[in-house]
Amino acid sequence: MKKTFRLLMLFMCMIILLPAGLQTAYAQDANSDKQQLILGTSADFPPYEFHTTIDGQDQIVGFDIEIAKAIAEKMGAELVIQDMGFDSLLPALQSGRVDIVISGMTPTEERRQSIDFSDPYYKARQVVVIRAEDTDKYKTMADLENTKLGVQKGSIQEEIAQGVPNASITSLDKIGDIVMQLETERVDALIVEDTVAAGYLNDDIVLADAVPDESESDAAIGVQKGNTELLAVINETLAELKADDRITEMVEEASLLAAGKTGDKNIFEVAWEYRSYYAKGIGYTLLLSALGVIFGFLIGLIITLVRMSGIKILAWLGTAYVEVLRGTPMLVQLMIIHYGLALVFGINLSPLQSGVITLSINSSAYLAEIFRAGIQGVDKGQMEAARSLGMTRGAALRHIILPQAMKTVLPAIGNEFITIIKESSIISVIGMMDIMYQANTVRSITYQGLSPYIIAAVIYFILTFMLSKLLGAFERKLRTSDNR
């Protein structure tokens, strides 16, 4: 029992120290003494912000980024960029995870209820994008009635689409996903900004004659409610940039850089040219999965023992833990851990920390049920025989029951481990640089809708296939020892 207690205490210490340890692994520059200005953006919105390769390195560029650099320089601060989904920007700002949000965001009245906005820095025009074969169909906005429209989730374009009578709206997080919806004929038209649409236009994707009634919209910078000091610095910087006509220059430079992107590479060229992106994604995916497996296994085993302890209140708490985690989506759990803890308790976890915790607790609920089934599957006579020989209940459980139970449930445990590797892709929505995040980055760079995902799928298959073979070999070794 003393050994079990020491192991339990060691495990609890690891959980307590996890945030501090992982933060250094994910921090951009932990040793910098310079003040940091943390920017939240959704880098799939050229020429505002987008990924590109410069000198062999992935960089987030665009005229929004240049404006953010000017603000950071004005403050004497170091700019730190956090890339995330567009609909995650407001929660990130409200929870204090980022200092400012710049992502071509329109300062609507609804958004002003939760955050403050700077003076407008750019005026964009909304356009309708369609397939070339449908050019004659959509001459006016009235022609869009009863059609399927694609828009970015949480954007001003979504509000415009909601004003089209009887339109069926598909709202997605990434611009590339929306364009793919149009290319695969899942929607009839898209509503996007003209500067963004320019990067996707080709012989098959063109602008429609129809123009939204609210065709012009402002873009502004978001800050936390009441942060008047930062807002004053931002507005002062914007005024200086406008006076020197620097924003116009930034837009032109970013547009030229975005126009240089190409989508005519085949899948093998994409895989080879952007191999470093996928290699980094594999590293983070394996780190996420390994930590999720380790902590999920330990937590699941503890929950199982708690539920089978015979103490009613502990058994009830263990059952509630399992039922709640199995009965709620992992994405919801991730949002609560990543944003909810910051909003309610001020606990700001990095994407890696939030991802590990989410995978661990979600997996532990399923593993707890697997362990319980395995233990209950061991003949009760085994425990009685061990106790009759003078072994304590804890010793009998550790040396007799658990080894037999683990052999029985090993295939189910292996399946859960494989599931963790695949489900780790969900963590990319909060900016975790795993395989799926890198696939989205490559798609943003190449304008290819499918190839980056096929490459990611192949990588996931190789990882899970190798793991399944290793588990199979381990099972065969165990069966061989049983036959001696």
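Parameters at a glance
Residues numbered from 1 in each chain as written. Predicted model: local features only at pLDDT ≥ 70, side-chain atom pairs only at ≥ 80, totals over all residues. Heavy atoms only, no water. UniProt positions renumbered as here; feature names shortened; annotations may be inferred. Helix = DSSP H or I, 4+ residues; strand = E, 2+ residues; numbered from the N terminus. Buried < 20%, exposed > 50% of the residue type's maximum accessible area, 1.4 Å probe, protein only. Contact = heavy atoms within 4.5 Å. Lys, Arg positive; Asp, Glu negative; His and termini not counted. Charge placed at Lys NZ, Arg CZ, Asp CG, Glu CD. Axes fitted to C-alpha atoms, helices over the stretch in contact; angles between N-to-C directions. Left-handed = near helix turned anticlockwise from the far one by under 90°. Nonpolar A, V, L, I, M, F, W, Y, C, P; charged D, E, K, R; others polar. Patch = residues over 30% accessible without salt bridge, like charges linked within 9 Å, V, L, I, M, F, W, Y side chains within 5 Å. Areas by Shrake-Rupley, 256 points an atom, 1.4 Å probe, with all protein chains shown as cover. Salt bridge = Lys/Arg side-chain N within 4 Å of Asp/Glu carboxyl O. Pairing = 2+ DSSP bridges. Parallel < 35°, antiparallel > 145°, perpendicular 65-115°, else oblique. Phe/Tyr/Trp six-rings, centres within 6.5 Å; stacked < 30°, edge-to-face > 60°.

With an unreviewed UniProt entry as reference, the chain is termed ABC transporter substrate-binding protein/permease, source organism Paenibacillus urinalis. Listed under Subcellular location (unreviewed entry) in UniProt, the entry text for the chain is "Cell membrane".

Visitor: I'd like a rundown of the overall build of the chain, residues and numbers included.
Guide: Within the chain one finds 18 helices and 14 strands. Along the three orthogonal principal directions, the C-alpha set of the chain runs to about 85 × 50 × 45 Å. The proportion of buried residues among the 484 residues of the chain is 47%. Pairs at least 24 apart in sequence give 75% of the contacts found in the chain among residues at least 6 apart. Side chains of the chain carry 41 positive and 58 negative charges; the gap between the two charge centres is 18 Å.

Visitor: Which residues make up the side chain of Thr358, and what values go with them?
Guide: Structurally, Thr358 is set in helix 14 (residues 351–377). Not counting the four nearest positions on each side in its chain, Thr358 is found in contact with Met330, Gln333, Leu334 and Ile337.

Visitor: Give a description of the packing of helix 2 (residues 63–75) against helix 8 (residues 228–243) that names residues and reports values.
Guide: Running from N to C, helix 2 and helix 8 point in directions that differ by 115°, and their axes come no closer than 10 Å. Classified by chirality, the crossing of helix 8 by helix 2 is right-handed. In contact with Ile67, Ala70, Ile71, Lys74 and Met75 of helix 2, helix 8 contributes Leu230, Val233, Ile234, Glu236, Thr237, Leu238, Glu240 and Leu241. In the contact of helix 2 with helix 8, the residues fall into nine nonpolar, one polar and three charged.

Visitor: Lay out a negative patch on the surface in plain terms, naming residues and giving numbers.
Guide: Negative charge collects at one region of the surface, where Glu133, Glu183, Glu185, Asp203 and Asp204 lie side by side. Within the element layout of this structure, Glu185 appears in the loop between helix 6 (175–183) and strand 11 (189–193).

Visitor: Describe in detail the sheet that holds strand 14 (residues 222–224), supporting the description with residues and values.
Guide: The mixed open sheet is built from five strands, whose spatial order is 5-1-6-14-7. Sheet topology places strand 5 (78–83) and strand 7 (115–117) at the edges, where each strand pairs with a single neighbour. Contacts from helix 8 reach strand 1 (36–41), strand 6 (100–101), strand 7 and strand 14 within the one sheet, and its direction differs from that of strand 14 by about 160°.

Visitor: Which residues make up the UniProt feature "domain: ABC transmembrane type-1" (unreviewed entry) in the chain, and what values do they have?
Guide: What UniProt calls "domain: ABC transmembrane type-1" (unreviewed entry) maps, in this numbering, to residues 282–471. Along residues 282–471, the helical share is 83% and the strand share 0%, with 20 Å between the first and last C-alpha atoms.

Visitor: Run through the pairing of strand 8 (residues 122–131), naming residues and quoting values.
Guide: Most of strand 8 sits out of view: eight of its 10 residues are buried. Bridge count for strand 8 against strand 13 (residues 216–219) is four bridges, and the pairing is antiparallel. By the bridge assignment, Lys123 is partnered in strand 13 with Asp218. Both strand 8 and strand 11 contribute to a ladder of five bridges, which runs antiparallel. Note that in strand 11 the partner of Val129 across the bridge is Leu190. Direction of pairing for strand 8 relative to strand 12 (residues 205–207): antiparallel, over a ladder of three bridges. Of the residues in strand 12, the one forming a bridge with Ile130 is Val206.

Visitor: So what's going on with the packing of helix 13 (residues 330–345) against helix 14? Which residues, and what values?
Guide: Following both chains from N to C, one finds helix 13 and helix 14 inclined at 135°, their axes separated by 9 Å at the closest point. Between helix 13 and helix 14, the crossing angle belongs to the class labelled oblique. As for how helix 13 packs across helix 14, the hand of that crossing is right-handed. Side by side, helix 13 and helix 14 meet where Met330, Gln333, Leu334, Ile337 and His338 of the first sit next to Pro351, Ser354, Gly355, Ile357, Thr358, Leu359, Ile361 and Asn362 of the second.

Visitor: Residue-level account of the sheet that holds strand 4 (residues 57–61), with values.
Guide: The three strands are arranged 2-3-4 in an open sheet whose pairing can be described as antiparallel. On the outer flanks of this sheet lie strand 2 (44–45) and strand 4, each paired with one strand and no other. Bridge analysis of strand 2 against strand 3 (residues 49–54) gives two bridges, and the strand direction is antiparallel. Its bridge partner being in strand 3, Asp44 is matched across the sheet by Phe50. Against the sheet, helix 17 (residues 435–446) touches strand 2, strand 3 and strand 4, its axis set at about 85° to strand 3.

Visitor: I'd like a rundown of a nonpolar patch on the surface, residues and numbers included.
Guide: A surface patch of nonpolar side chains, amounting to about 670 Å² of accessible area, comprises Leu450, Ile454, Val458, Phe461, Ile462, Phe465 and Met466. For Phe465, the location among the structural elements is in helix 18 (residues 451–482). You can call Phe465 partly exposed: its relative accessible area is 41%.

Visitor: Could you give an account of the packing of aromatic side chains, with specific residues and numbers?
Guide: This structure, assessed with the given rule, holds seven aromatic pairs. Geometrically, the ring pair formed by Tyr48 and Phe63 is tilted, given 4.7 Å between the ring centres and 40° between the ring planes. Of this pair, Tyr48 sits in the loop between strand 2 and strand 3 while Phe63 sits in helix 2, placing them 15 residues apart in sequence. Three or more aromatic residues link up through ring pairs in this structure, and these residues are Phe45, Tyr48, Phe63 and Tyr122.

Visitor: Describe the pattern of salt bridges, and please don't skip the residues or the numbers.
Guide: Under the definition given, this model contains 16 salt bridges. Between Arg326 and Glu323 there is a salt bridge; the shortest N-O distance is 3.4 Å. Here Glu323 and Arg326 lie together in helix 12 (residues 312–326), a separation of three residues that amounts to about one turn. We classify Arg326 as partly exposed; its relative accessible area is 34%. Through salt bridges with shared partners, a single network forms among Lys74, Glu236 and Glu240.

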